[in-house]
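What the coordinates show
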Amino acid sequence: MKTTFFTCLVILFGVLACSKTSPKKVEKTITDGSWKITLFMEDNEDETYYFNGFVFTFKSDNTVSAVNGSTTINGTWKLEKESDDDNPKHTELILNFPVQNNFDELNDDWHVIKLESKRIELEDVSGDGSVDRLIFERI
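About the thresholds
Residues numbered from 1 in each chain as written. Predicted model: local features only at pLDDT ≥ 70, side-chain atom pairs only at ≥ 80, totals over all residues. Heavy atoms only, no water. Pairing = 2+ DSSP bridges. Helix = DSSP H or I, 4+ residues; strand = E, 2+ residues; numbered from the N terminus. Buried < 20%, exposed > 50% of the residue type's maximum accessible area, 1.4 Å probe, protein only. Contact = heavy atoms within 4.5 Å.

1. A look at the pairing of strand S1 (residues 34-42)
Bridge count between S1 and strand S3 (residues 55-58): 2 bridges; the pairing is antiparallel. Bridge pairing in S3 places Trp 35 opposite Phe 56. One ladder, built from 6 bridges, connects S1 with strand S9 (residues 131-138); its direction is antiparallel. Residue pairing across strands places Trp 35 opposite Arg 138, the latter belonging to S9. What sits between the antiparallel neighbours S1 and strand S2 (residues 45-46) is a turn of 2 residues, in which Asp 43 has the positive phi angle 50°.

Following this line, the structure appears as structure tokens:
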């Protein structure tokens, strides 16, 4: 009985979590306003400082600009709904920046873990099992 109840809770949580991070909801949130990176963890190293002072603007034409004073780094973004054997369906934010000022470190298919109106939490699980984390907060 406990196993069945637990299984139902896990399925319900998975369905609710997926519905909160639909591509349309993520797009509506991310294209509304400007963002800053408040956490970038790669290989258990806090590398947030790479992006200090940069303001990110995600545009509806799937371009993104990061501006810090006179420095502008342009890239692209897109959203995809993915599913594989190990994970339920989830929304991925795919970022692509040039190899400039460490911005290529952001190039990945980030799973949207938590979506709020002023905060987006993302993660990427590498082939070796390590988890990279990226958090954007609205300015």
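2. What about the environment of Pro 23?
Tracing the backbone through its elements, the reader meets Pro 23 in helix H2 (residues 23-30). Pro 23 sits in the partly exposed class, given a relative accessible area of 25%. Expressed as a C-alpha distance, the spacing of Pro 23 and Val 112, which sit 89 residues apart in the sequence, is 9.5 Å. With near-sequence residues (within four places) excluded, Pro 23 lies in contact with Leu 79, Lys 81 and Thr 91.

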